Amino acid sequence: MAGGWARDGAVQDQIDSTVEDGVQEARQRLEQQRGPSLEYCEECEEPIAQARREAVPGVRLCIDCQTAADKRPRNRAGFNRRGSKDSQLR
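An account of the accompanying structure is given in this report. Keep in mind that this is a model prediction, so the values were computed, not measured. (Residues numbered from 1 in each chain as written. Predicted model: local features only at pLDDT ≥ 70, side-chain atom pairs only at ≥ 80, totals over all residues. Heavy atoms only, no water.)

### With respect to the side chain of arginine 52
Mapped onto the elements, arginine 52 comes out in helix 2 (residues 50-55). Within the buried core, arginine 52 has no salt-bridge partner, and the shortest N-O distance to an opposite charge, that of aspartate 70, equals 7.2 Å. Excluding residues within four positions of it along the chain, arginine 52 makes contact with Val59, Leu61, Cys62, Ile63 and Gln66. (Helix = DSSP H or I, 4+ residues; strand = E, 2+ residues; numbered from the N terminus. Buried < 20%, exposed > 50% of the residue type's maximum accessible area, 1.4 Å probe, protein only. Lys, Arg positive; Asp, Glu negative; His and termini not counted. Salt bridge = Lys/Arg side-chain N within 4 Å of Asp/Glu carboxyl O. Contact = heavy atoms within 4.5 Å.)

This is the structure in structure tokens:
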């Protein structure tokens, strides 16, 4: 049951869109990691350990730089507004 301006199923559509965006983002990150592993880190140019290169195909960062990259916030909203009334008014 929807209320106001929302149609039936609008909330579920927003949830589905958010999940779809997350899956698409993860697939893009995986595609970037394809190819041979680098011997030296893209950011700090320190050698990447052989064990890491074998364990993570297409690795581009050393452990320290990858840890820092994982802690950086990503540009994405907390929820998907594509179907909301406010986003259609702008």
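### Some points on the pattern of salt bridges
Should the charged atoms of two oppositely charged side chains come close, the side chains can pair. The final tally for this structure, using the stated rule, is two salt bridges. The salt bridge partner of arginine 60 is glutamate 42, with a shortest N-O separation of 2.9 Å. Separated by 18 residues along the polypeptide, arginine 60 in the loop between helix 2 and helix 3 (63-71) and glutamate 42 in the loop between helix 1 (10-32) and helix 2 bring together distant segments of the chain. Classification of glutamate 42 as partly exposed rests on a relative accessible area of 47%. The salt bridge partner of arginine 72 is glutamate 43, with a shortest N-O separation of 3.5 Å. Of this pair, arginine 72 sits in the loop between helix 3 and helix 4 (85-89) while glutamate 43 sits in the loop between helix 1 and helix 2, placing them 29 residues apart in sequence. Note on arginine 72: relative accessible area 43%, which makes it partly exposed. Residue glutamate 43 is classed as partly exposed on the basis of its relative accessible area, which comes to 45%.

### Observations regarding the environment of glutamate 54
For glutamate 54, the location among the structural elements is in helix 2. Taking relative accessible area as the criterion, glutamate 54 reaches 56% and is therefore assigned exposed.

Function-wise, these values are silent; they only describe arrangement.
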